Amino acid sequence: MSTKFDQTTIVNYLKNYGFVFASSEIYGGLANAWDYGPLGVALKNNIKNLWWNYFITSQPNMVGLDSSIILNPAVWKASGHLANFSDPLIDCKACHQRFRADKLIEEKYPDIKINENTDKAELLKIIKDKKIVCPNCGKADWTDIRSFNLMFKTSQSVIEDKANELYLRPETAQGIFINFANIQRALRLKVPFGVGQIGKAFRNEITPGNFIFRTREFEQMEIEFFNYPKDAPAKFEQYIKDIEGFLFNVLKLKKENIRMSEHDKADLSHYSARTVDFQYNFPHGWAELWGLANRTDFDLSNHQKLSGSTLGYLDPETNERFIPYVVEPSVGVERLFYAIICDAYRVEPIKDGETREVLGLPYALCPYKVAVLPLSNKLNDGAKKVFDMLIAAGIPSVYDVTGSIGKRYRRQDAIGTYYCITYDFDSQKDECVTVRNRDTMKQERIKISEILKFLGK
Ligand code: GAP
């Protein structure tokens, strides 16, 4: 049984079955932009709902938020994104191609220790000392290195000038920090508590790619958890366990495809005192799936300073005011989506040298839980009643009457439908249907009146 596929196989599979399409395809596409089809949006919604239930609804001290994408530009000054959220770019003077200087070095000399904080002069010195040539034209004629800010600019009102310049948020987190005092007061919350948010983020990535792994528009699921400073390290450890619980027990990802990686001190983002990445073994190799950071009091302190608003918390026991320390688990919906597909998609042998494609999702993630398949067109009336009953009960289901029953089973296996219910000529008489399990392919006869109870189990 093969379980590991290359990126092209996954991209084609997702397109053919209506999960992910290249965006703007009829106009020749738009590089690194993807649209989520009917099955893709269903899977994405299931991922988001499971995350929301696991990390927010089922926790006693968690609340949610939906903040704006476009915020006052002062937010990005205080957060450090205007000064620090940039990549080092270098141009080839001969062919005018542009590259990320750190990536040029990493690709040629993976052993040289550089990171996102290595300064531009040092990067340029390495490129010149090592005589690194342009991967496009082979010349070694470079410009100086410039910082390129990754935030997407836009402007409000009809006048496009500096005063009206705004940014699309590069992370959802800042919407939570700037609402900290509002949320704490309005809901009379006591520290420790956390705020979760799901929403779009935008980054003008220099090197997007690897399908939906790195795009310029994506969705984040982030939590900012506000702690007494001394408790932040323990909360960090707790979140390591919670993330593992979500990945392995809820999403049922395979343990061998996930590993943890601790950032070196020199490789920390401008706001972080400790960062751990959960990496997934994607078709292009091990890469970051989920980040966990100890953001200390960095963001709240800076917003307090720049805005002049009080963003501390008054300890009801000691009557002392302090700035909470924040632990932040942050994951991209699309990266989880990609990992889930890579983990679940398989092609397995069945009888007579044939194979079948299966998307072995756990029930909670399946776009359709049930497919209702009448054996013949003549049985539509009875089969439709079963389908209507499932839909009325809120069970995502699909009705399929086209093609042989074998072909219909194959199609449902390939999109992860957990059960196929076949309505046959006997069903009209005995009020029973055949229920087939996607993974075992075992079939059992069940009374129509018992189906909802069966699925409830
Ligand atoms: N608030 C912290 C933060 O944004 P990050 O490591 O830059 O940290 C968090 O991003 C997560 O967001 C990543 O682990 C990844 O899952 C997702 N992500 C970041 N950039 C992305 C991109 N260009 N495309 C898709 N997902 C991305």
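Caption draft 1: The arrangement of the packing of aromatic side chains in detail. Enumeration over the complete set of coordinates arrives at 31 aromatic pairs. Look at tryptophan 51 and tryptophan 52: their rings are 6.2 Å apart centre to centre, the planes differ by 50°, and that puts the pair in the tilted class. Look at tryptophan 52 and you get partly exposed, because its relative accessible area is 28%. The lysine or arginine in question, lysine 130, covers the ring of tyrosine 109, its NZ or CZ lying 5.1 Å from the ring centre. If you follow arginine 436 out to its NZ or CZ, it ends over the ring of tyrosine 409, 4.3 Å from the centre.

Caption draft 2: Layout of the sheet that holds strand 6 (residues 146-149). What the three strands build is an open sheet, ordered 5-4-6; its pairing is antiparallel. Either end of the sheet is taken by a strand with one partner, and the two such strands are strand 5 (98-100) and strand 6. In this sheet, adjacent strand axes meet at a mean angle of 45° when their direction is disregarded. As defined by bridge partners, strand 4 (residues 86-91) adjoins strand 6 across four bridges and the pair is classed as antiparallel. Looking at strand 6, one finds that serine 86 is bridged to asparagine 149. Across the face of the sheet, helix 5 (residues 101-108) comes into contact with strand 4 and strand 5 while running at roughly 70° to strand 5.

Caption draft 3: Main features of the site of the ligand. Not every one of the 20 residues close to the ligand is listed here, only the nearest: Glu171, Arg203, Thr215, Glu222 and Glu288. Glutamine 220 is positioned with one of its side-chain polar atoms (N or O) 3.0 Å from an oxygen atom of the ligand. The separation between an oxygen atom of the ligand and a polar side-chain atom of glutamate 288 is 2.6 Å. Contact with the protein chains covers 91% of the free accessible surface of the ligand, which is 550 Å². Among the elements of the structure, strand 10 (217-227), strand 13 (285-296) and strand 16 (325-332) are those that each provide at least two residues to the shell around the ligand. No other element matches strand 13, which puts five residues into the shell around the ligand. Among the residues forming the shell around the ligand, the class breakdown is six nonpolar, five polar and nine charged.

Caption draft 4: Geometry of the packing of helix 1 (residues 7-16) against helix 11 (residues 333-344). Running from N to C, helix 1 and helix 11 cross one another at 100°; their axes reach a closest spacing of 11 Å. Looking at the two axes, helix 1 sits roughly perpendicular to helix 11. For the pair formed by helix 1 and helix 11, the contact residues are Gln7, Ile10, Tyr13 and Leu14 on the first element and Phe337, Tyr338, Ile341 and Cys342 on the second. Taken together, the residues of the contact of helix 1 with helix 11 sort by class into seven nonpolar, one polar and no charged.

Caption draft 5: Quick peek at the pairing of strand 23 (residues 443-447). Note: strand 22 (residues 432-437) against strand 23, five bridges, orientation antiparallel. When the sheet's bridge partners are listed, arginine 436 is paired in strand 23 with glutamine 443. Counting the residues between successive antiparallel strands, the hairpin from strand 22 to strand 23 contains five residues, one of them, methionine 441, with a positive phi of roughly 60°.

Caption draft 6: Representation of the nonpolar core. Judged by nonpolar contacts, the single largest core of 78 residues is most densely connected at Phe19, Trp51, Leu247, Trp290 and Leu336. Considering each element in turn, this core owes the most residues, nine residues, to helix 11. Other than its neighbours up to four places away in sequence, tryptophan 51 contacts Ile56, Gly196, Gln197, Ile198, Met221, Glu222, Ile223, Phe246, Trp290 and Val331. By size, the runner-up hydrophobic cluster in this structure holds 19 residues, among which are Phe177, Leu189, Phe193 and Phe226.

Caption draft 7: Summary view of the sheet that holds strand 16. The seven strands are arranged 3-9-10-16-13-12-11 in an open sheet whose pairing can be described as mixed. Here the strands that pair on one side only, and so sit at the sheet edges, are strand 3 (62-65) and strand 11 (258-262). The sheet shows a mean angle of 25° between the axes of neighbouring strands, taken without regard to direction. Bridge count between strand 10 and strand 16: six bridges; the pairing is antiparallel. Note on strand 16: the bridge partner recorded for methionine 221 is valine 331.

Caption draft 8: Here's a closer look at the side chain of arginine 335. Residue position: arginine 335 is located in helix 11. Nearest to the buried, unbridged arginine 335 among oppositely charged side chains is glutamate 288, at 4.7 Å. For arginine 335, the residues in contact, after removing those within four places along its chain, are Phe213, Arg214, Phe282, Glu288 and Leu289.

Caption draft 9: Molecular detail of helix 1. Along helix 1, the positions that sit buried rather than exposed are Ile10, Val11, Tyr13 and Leu14. Projection of helix 1 onto a plane perpendicular to its axis shows the buried side chains occupying an angular sector of 165°, all on one side. Exposed and oriented more than 90 degrees from the buried face of helix 1 are Thr8 and Asn16. Considering only its buried residues, helix 1 is in contact with strand 1 (20-22), strand 2 (34-36), helix 11, strand 17 (345-349), strand 18 (355-359) and helix 13 (405-414).

Caption draft 10: Highlighting the packing of helix 5 against helix 6 (residues 120-129). For the pair helix 5 and helix 6, the least separation of the axes is 10 Å and the interaxial angle reads 45°. Looking at the two axes, helix 5 sits oblique to helix 6. For the crossing formed where helix 5 meets helix 6, the hand is left-handed. Side by side, helix 5 and helix 6 meet where Ala101, Asp102, Leu104 and Ile105 of the first sit next to Leu123, Ile126 and Ile127 of the second. Among the residues making up the contact of helix 5 with helix 6, the classes are represented as six nonpolar, no polar and one charged.

The rules behind each value
Residues numbered from 1 in each chain as written. Predicted model: local features only at pLDDT ≥ 70, side-chain atom pairs only at ≥ 80, totals over all residues. Heavy atoms only, no water. Phe/Tyr/Trp six-rings, centres within 6.5 Å; stacked < 30°, edge-to-face > 60°. Buried < 20%, exposed > 50% of the residue type's maximum accessible area, 1.4 Å probe, protein only. Lys NZ or Arg CZ within 6 Å of the ring centre and 35° of its normal. Pairing = 2+ DSSP bridges. Helix = DSSP H or I, 4+ residues; strand = E, 2+ residues; numbered from the N terminus. Axes fitted to C-alpha atoms, helices over the stretch in contact; angles between N-to-C directions. Contact = heavy atoms within 4.5 Å. Near = heavy atom within 4 Å. Polar contact = N/O pair within 3.5 Å; in protein donor to acceptor, adjacent residues only side chain to side chain. Areas by Shrake-Rupley, 256 points an atom, 1.4 Å probe, with all protein chains shown as cover. Nonpolar A, V, L, I, M, F, W, Y, C, P; charged D, E, K, R; others polar. Parallel < 35°, antiparallel > 145°, perpendicular 65-115°, else oblique. Core = buried A, V, L, I, M, F, W, Y, C linked by side-chain atoms within 4.5 Å. Lys, Arg positive; Asp, Glu negative; His and termini not counted. Salt bridge = Lys/Arg side-chain N within 4 Å of Asp/Glu carboxyl O. Arc of directions from axis to C-beta. Left-handed = near helix turned anticlockwise from the far one by under 90°.

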